[in-house]
Amino acid sequence: MTGHPTFEELEAAALGEEPRPEVLAHAGRCAECARELAWLHAEAQLFRRRPQPPVRPEIWERVEERVHAPVPISRARRWRPFLGAAVAVAAAAALAVVVRPPRGPQDEQGDAAVSDEPVAQTDAKAQQALDRAAGDYRSALGVLEQEYARGRGRLDQRTQKRWDDSFARARSLIDASAQARNDPDERLRLLDGSAVMVRSLRHAVEDSEEVAR
Amino acid sequence: MPETVRPVASPLDVPVPPSDRRTPSSLRGSGEVPPERDLLDRARRGEPEAFRVIFDRHSPSVRRFLGDLLRDDAAADEATQETFVRAHARMRTLREDERLGGWLLGIARMVSMEQLRRWRRDPLPLPEEEPREPDRAPSPEAALLSGEADRLLDGALQVLGSDRRAALLLRIDHGLPYEQIAEAMGWNLQKVKNEIHRARLQLRERLSGYVEGTP
C-alpha cells in the first residue's frame, strides 16, 4: 500500500469486516491512521457493548394474531369521497326512478300536456343523478387505476392480468351505462354492477400490500 | 396455530388452491439452521414456522434499533410488532438480492418515522425531550462496566437528528454496508456517507473525553 487507506477501509477494519492485512499493516506504522483506527474501534465497542433489550413474548403473540387476522385494517384513502358520493347519488337516482309514477292510459292518448310535466321533471332529475353517479364511479376508478399503476410492477404476470381484466370490466360497465341513457332501469342495473366492481377493486387495492406499498 | 396463507390480493378473490398449502415443517427446536433464502421461500409459501424462525432471528436487532430510535420501550415493542406484521404482508416484495436483515430494519425505520410523526402531532409524550431511562435489564456487572459509557452515548445519540441517528446505528450497531443503508433509508450512497460522517463528527465531539480515556 503506497498511500493511506481510505476511511472506509479503516472503518471496515474497525468493524471487523474482513480487514485487509495491508490496511492493518499500514496502521501499524502510520500514527495518523492508527489513531483513526483506534477511534473507530472504540466507537464500535461503545455501541456494541450496550445491553440488548429483551424481546417480550407478547410481541410475537400479537404478530401472530395480526398476520392471521382475516380482514386487514382498512386504510383511509383519498378516493373514498368519490365512492361515497357515487353511492349516495346512485341511491338518489334509484329512488327517483322507483317513485316515478306509472304512465296511465291517458298519457298514451296524448292529452297529458299538464300531467306529463312532473314525470318529465322526475326523469330529468333521475338522469342527472345517474350521470353524476357514472361520473363519480369513473373518477373513483381513475384514482384506483393510478394507485394500481404504481404497484403493478410488483405483481406477478398472472395477477397483473386479473387486475387488468377487472379494471377493463369495471370501465366497460360504466361505459355501457352511458350507452343506456334511454333506459333508466337498464342504466341503473349497469351502474349497480359498476358499484360492485369499484367496491371490489377498492378492497383489493386496500388489501394488496404490493399496490398499497 | 391456524394455518393461513395470505395470497397476493387481487380484485377477484381467488382462494389459494390446497396444493399450494404446504404442511409447515418443524424448523424450531430441531437444531437445523436453514439458510436465509430457504427460510424466506418457506415463509413466502405460507409456512408459519418459517416466519417464526425469521422473527426469532431478527427481532432482537429490530427491537434494539427501534429502542434506539424511539427511546421508549412500550413504543419500541409496538413498533417491533408492526414491523413484523408489515414484513409478513410484504414478504413477496423482497428482491432476490436484498438481505433480509437490512430489509427488516428499513421497514422498522419507516414504522419509527410514523410513530415520531404521531408524537409530533400529539405533543404528549415527547420522547426526544424527555427520554425515559431504558427499561433494560443488564447484569449488575454489565451495568457497572457500561453505565458511564451508556449514559454518554445515550446523550450523544439524542443530539443527532432521527435520520442521521438511524443511519449511524445501521452502520455501527447493526453492521449494514453502505449500500444496504441507502436502501433502508431511501437515500443515495453519497448522502448515506455524508450523513454518517457528520453523525460521527457530532458523536466524537461529545465522546472524545471518554473514548480517549479508554485503554
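Sequence order sets the numbering: in each chain, residues are counted from 1 along the sequence as written. Here the convention is simple: chains get letters from A, ligands get numbers from 1, in the order in which they are written. Since the coordinates come from a predicted model, pLDDT governs what is reported: local features require at least 70, and pairs of side-chain atoms require 80 or more to be given and counted, while whole-chain, interface and lining totals use all residues. Note: side-chain values were computed over all heavy atoms of the structure, leaving out hydrogens and water.

> Where do I start with the environment of Ala13 of chain A in this structure?
Going along the chain from the N terminus, every DSSP run of H or I of four or more residues is numbered as a helix, and every run of E of two or more is numbered as a strand. Relative to the helices and strands, Ala13 of chain A resides in helix α1 (residues 7-14). Taking the C-alpha atoms as reference points, Ala13 of chain A and Leu24 of chain A, separated by 11 residues in sequence, lie 7.5 Å from one another.

> Is there a simple way to think about helix α6 (residues 162-173) of chain B in this case?
Residues spaced three or four apart along an α-helix face the same direction, because each turn holds 3.6 residues. Residue and element names in this part refer to chain B. With 9 of 12 residues buried, α6 lies mostly within the body of the structure. The set of residues buried in α6 consists of Arg165, Ala166, Ala167, Leu168, Leu169, Leu170, Arg171, Ile172 and Asp173. Gly175 sits one or two residues past α6 and shows a positive phi near 65°. The classification of residues rests on relative accessible area computed with a 1.4 Å probe and restricted to protein chains. Under 20% of the type maximum is buried, over 50% is exposed, and intermediate values are partly exposed.

> Explain the packing of aromatic side chains to me, please; I cannot follow it from the model alone.
Centre distance and the angle of the planes are the two values used to describe a pair of aromatic rings. For this analysis, a ring pair means two rings from Phe, Tyr or Trp (six-membered ring only for Trp) whose centres lie within 6.5 Å, classed as stacked if their planes differ by under 30 degrees, edge-to-face if by over 60, and tilted for the remaining angles. Within the structure shown, the criterion is met by 7 aromatic pairs over all chains. Geometrically, the ring pair formed by Tyr148 of chain A and Phe167 of chain A is stacked, given 5.1 Å between the ring centres and 25° between the ring planes. Here Tyr148 of chain A, found in helix α7 (residues 116-151), pairs with Phe167 of chain A, found in helix α8 (residues 157-179); they are 19 residues apart in sequence, far enough to count as distant. A relative accessible area of 5% means that Tyr148 of chain A is categorised as buried. Residue classification places Phe167 of chain A among the buried positions, given a relative accessible area of 3%. An angle of 20° between the planes, with centres 6.2 Å apart, marks the rings of Trp163 of chain A and Phe167 of chain A as stacked. Placement of both Trp163 of chain A and Phe167 of chain A in helix α8 is noted, with a separation of 4 residues, approximately one turn of the helix. An aromatic cluster is built from Trp60 of chain A together with Phe51, Phe55 and Phe84 of chain B, whose rings are joined through pairwise contacts.

> Explain helix α2 (residues 48-70) of chain B here, please?
Residue and element names in this part refer to chain B. To estimate how far a helix should reach, multiply one less than its number of residues by 1.5 Å. With 23 residues, α2 ought to run about 33 Å at 1.5 Å a step, yet its terminal C-alpha atoms sit only 29 Å apart, falling short of that. Counting buried positions over the 23 residues of α2 gives 19, a clear majority of the element. Downstream of α2 by one or two residues, Arg71 has phi in the positive range, about 55°.

> In this structure, what is going on with the side chain of Asp72 of chain B? I would like to understand it.
Residue and element names in this part refer to chain B. Relative to the assigned elements, Asp72 resides in the loop between α2 and α3 (73-90). For Asp72, a relative accessible area of 8% gives the class buried. For this analysis, a polar contact is any N or O atom pair within 3.5 Å, provided that within protein one partner can donate a hydrogen and the other can accept it, and provided that sequence-adjacent residues contribute only side-chain to side-chain pairs. Looking at Asp72, its side chain comes within polar contact range of the main-chain nitrogen of Ala74, at 3.1 Å.

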